[in-house]
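# Tertiary structure, described
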Amino acid sequence: MNKTVLVTGCSSGIGRCVAYGLRDKGYIVYPTARNEEDLQQLIDDGFEAIALDYSDRESVKAAFEILMSKTGNELYAVFHNGAYGQPGGVEDLTREALEQQFATNVFGWHQLNNLILPIMRKQGYGRILVNSSVLGIVALSMRGAYNASKFALEGLFDTLRLELHKTNIFVSLIEPGPITSKFRANAKTAFEDNIYHNKNIMAQSPHTEYYNNVIDRLANEGKVDPFTLPPEAVLKRVEHALVSNRPKVRYAVTVPTYVLGFLKRVLSSRCLDWISIKAGK
């Protein structure tokens, strides 16, 4: 088997760490990024980086074609990454904001994956790694759009795993909790664009007081959650999923994922709601 891996969303954080970490392990890594500046940085560091914007179907198609031209129509693995969180109460989310969230966090991943799968089926092997979240297991308030996108990924790729039964193509979901990254900064931008700077929402929403408080929290670049881990914690799980003869279906990362995953299995829905409400504040 070849050791060619596509890693998406490599501008910063998890994707960037995984791209560099896998290259250090001897993999041939093709990282992607949306912004020209980030792409150039990856190229300057010796990668054959590819432009990819998950929210743009033409960008996804073009990125796949470039990848195939570089790899000779082969690919050992893909690590789907590159997402953002849209904060806000569910009743304040416009259809457009929810569509934007799903275009980037779900639809683009699905499109790219459907382009890759025939390649893996033809060669007879492959690894599909999906960066989900603890919020694909348990919902927290004011994160409805992101919760929904991660729950959708869990369902979509769980189904795909069943459909790939008896092939040599493995699907693994990686479920991080808080990880050091630019996630909060990107969430702040989405929050400002679709909630905070929308005068109609801020004037009418029952959550206005919460929104006024959360804007300062999102601006905080420090370590907010005491259980926050560096992105190397995700890299460790990615490495295992790539080399194991029987990779895990799910890889939990950080204490909150382990704890909330366990509590969902043993508590009633109402008890879990109480904990989730407290944790989401």
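Let us look at the structure shown here. Keep in mind the model is a prediction, meaning the values are calculated, not measured.

Moving on, we get to the side chain of His-80. Inspection of the secondary structure assignment puts His-80 in strand E4 (residues 77-80). Among the residues examined, His-80 registers a relative accessible area of 0% and is labelled buried. A polar atom in the side chain of His-80 sits 2.8 Å from the side chain of Asn-113. Excluding residues that lie within four positions of it along the chain, His-80 makes contacts with Thr-8, Tyr-54, Trp-109, Leu-112, Asn-113, Ile-128, Leu-129, Val-130, Asn-131 and Phe-157.

In this section: the side chain of Thr-254. Of note, Thr-254 is situated in the loop between strand E7 (250-253) and helix H10 (255-266). A residue is classified by how much of its surface remains accessible, and Thr-254, at 3% relative accessible area, is buried. Among the polar contacts listed, one links the side chain of Thr-254 to the backbone nitrogen of Gly-177, at a separation of 3.1 Å. Residue contacts for Thr-254: discarding those within four places in its chain leaves Pro-176, Gly-177, Pro-178, Ile-179, Phe-227 and Leu-229.

What follows is about the pattern of salt bridges. Inspection of the entire model under this criterion finds eight salt bridges. With a shortest N-O distance of 2.6 Å, Asp-158 and Arg-250 are connected by a salt bridge. Of the two residues, Asp-158 is situated in helix H5 (residues 144-163) and Arg-250 in strand E7; the sequence distance between them amounts to 92 residues. The network of salt bridges with common partners includes Glu-154, Asp-158, Arg-161, Glu-175 and Arg-250.

Time to look at unusual backbone geometry. You will see that Asn-73, though not glycine, has its phi angle at about 60°, which is positive. Locating Asn-73 in the fold gives a position in the loop between helix H3 (57-71) and E4. With a relative accessible area of 49%, Asn-73 lands in the partly exposed category. Unlike most non-glycine residues, Thr-254 shows phi in positive territory, near 85°.

Strand order in this open sheet of seven strands is E3-E2-E1-E4-E5-E6-E7, and the pairing throughout is parallel. Each end of this open sheet is capped by a strand with a single partner; those strands are strand E3 (50-51) and E7. Relative to E7, strand E6 (residues 169-176) is paired through four bridges, and the arrangement is parallel. Its bridge partner being in E7, Ile-174 is matched across the sheet by Tyr-251. The strands that helix H1 (residues 13-24) touches are strand E1 (4-7), strand E2 (28-33), E4, strand E5 (126-131) and E6; relative to E1, the one it contacts most, it runs at about 165°.

Cut-off values and rules
- Residues numbered from 1 in each chain as written.
- Predicted model: local features only at pLDDT ≥ 70, side-chain atom pairs only at ≥ 80, totals over all residues.
- Heavy atoms only, no water.
- Helix = DSSP H or I, 4+ residues; strand = E, 2+ residues; numbered from the N terminus.
- Buried < 20%, exposed > 50% of the residue type's maximum accessible area, 1.4 Å probe, protein only.
- Polar contact = N/O pair within 3.5 Å; in protein donor to acceptor, adjacent residues only side chain to side chain.
- Contact = heavy atoms within 4.5 Å.
- Salt bridge = Lys/Arg side-chain N within 4 Å of Asp/Glu carboxyl O.
- Pairing = 2+ DSSP bridges.
- Axes fitted to C-alpha atoms, helices over the stretch in contact; angles between N-to-C directions.

Coordinates in, geometry out; function isn't part of it.
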